[in-house]
Amino acid sequence: SAVISQKPSRDICQRGTSLTIQCQVDSQVTMMFWYRQQPGQSLTLIATANQGSEATYESGFVIDKFPISRPNLTFSTLTVSNMSPEDSSIYLCSVEDENGQGFWFFGPGTRLTVL
Amino acid sequence: QKEVEQNSGPLSVPEGAIASLNCTYSDRVSQSFFWYRQYSGKSPELIMSIYSNGDKEDGRFTAQLNKASQYVSLLIRDSQPSDSATYLCAVSDNTNAGKSTFGDGTTLTVKP
């Protein structure tokens with residue numbers, strides 16, 4: 001199983017600022033995924049990050065708001081830009097099971113509060 | 001209609017009882033089905049996967065799949081207070097770049 005770490009674990013930010021979340025995996029993976037989980041809700045996929053190419057964003061999410069980097073096969077960052085209180089959420093990094101069974105491992109999450 | 005729907009909660013059962021969690025999905029080409037458990041303040045963790053019709057048992061957990069009815073369920077036998085969590089149903093068609101669709105979750109409380 002993949003072990004995923006995220007930094008920071010939580011943060012409180014002011015409106016209009018940006019926060020970069022880091023995700024580190026203990027093994028090389030082809031794709032890394034970024035999810036958002038708003039309070040009391042399920043998981044919403046923000047984007048898929050492949051090493052060496054632009055991230056692929058889901059409907060409703062844009063690169064200017066959520067720029068993503070994927071410099072190598074074990075690391076990715078997600079930036080939440082020009083934050084508003086509506087961005088208050090848990091942001092989760094995820095990787096797929098490399099044995100092709102289709103399930104996911106999730107990082108511990110970053111709990112973001114925007115004031 | 002949501003792509004993955006779970007029975008509305010919260011669900012409360014006494015310790016030792018059977019908890020039954022249900023999930024329906026709309027995409028008939030779905031091939032893989034997963035149940036994740038999420039404790040409050042924690043990230044989801046996989047507890048069961050099922051790929052073919054029928055039952056799959058793992059300890060106190062049994063997943064049931066009926067593709068004709070587009071229905072998947074999770075039974076937890078001899079429920080324990082430590083089972084209190086939100087359970088997320090996820091469905092994948094194995095083709096869409098590895099993406100799964102998650103239900104909204106059912107919150108289970110097991111009372112001692």
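Heads up: the structure comes first, above all this text.
Every chain is numbered on its own, with residues counted from 1 as its sequence reads. Chain letters and ligand numbers both follow the written order, the letters beginning at A and the numbers at 1. Only residues with pLDDT of at least 70 are given local features in this predicted model, and only at 80 or more are side-chain atom pairs given and counted; all residues enter the totals for whole chains, interfaces and linings. As a rule here, side-chain values come from all non-hydrogen atoms in the structure, and water together with hydrogens is ignored.

Some thoughts on the interface of chain B and chain A
Selection criterion: Residues count as neighbours in contact if any of their non-hydrogen atoms are within 4.5 Å of one another. Note: buried area is the sum, over both parts, of the accessible area (probe 1.4 Å) each one loses when the two are combined. Salt bridge, as used here: a side-chain nitrogen of Lys or Arg that lies within 4 Å of a carboxyl oxygen of Asp or Glu. Here a polar contact is recorded for every N or O atom pair within 3.5 Å, except that within protein the pair must consist of a potential hydrogen donor and a potential acceptor, and residues adjacent in sequence are included only if both atoms are side-chain atoms. Here a strand is any run of E in DSSP of at least two residues, a helix any run of H or I of at least four, and the numbering for each starts at the N terminus. Here the term charged refers only to Asp, Glu, Lys and Arg, the term nonpolar to Ala, Val, Leu, Ile, Met, Phe, Trp, Tyr, Cys and Pro, and the term polar to all other amino acids, Gly among them.
Contact residues are listed per partner, giving 16 residues for chain B and 19 residues for chain A. Interface of chain B and chain A: buried area, both sides summed, is about 1,400 Å²; carbon and sulfur atoms make up 53% of it. Looking only at chain B, the three residues that lose the most surface to chain A are Ser43, Lys99 and Phe102 of chain B, adding up to 31% of its buried area. At the junction of chain B and chain A, the tally comes to zero salt bridges. At the junction of chain B and chain A, the tally comes to five residue pairs in polar contact (both at pLDDT 80 or more). Mapped onto the side of chain B that touches chain A, the elements with two or more residues apiece are β4 (32-38) and β10 (100-102) of chain B. Among the elements that make up the side of chain B that touches chain A, the one with the highest residue count is β4 of chain B (three residues). Looking at the side of chain B that touches chain A, its residues break down into eight nonpolar, six polar and two charged.

Side note on the pairing of β4 of chain B
All names here are of chain B. As a reminder, the rule being used: Each residue's exposure class comes from its accessible area (1.4 Å probe, protein chains only) as a fraction of the maximum for that residue type: buried when under 20%, exposed when over 50%, partly exposed otherwise. Pairing between two strands requires that DSSP report at least two bridges joining them.
Burial analysis of β4 places seven of its seven residues in the buried class, which makes it a mostly covered element. The pairing of β4 with strand β9 (residues 85-92) spans seven bridges and is classified as antiparallel. Considered in β9, the bridge of Trp35 is made with Cys89.

What is shown is where atoms sit, not what they do.
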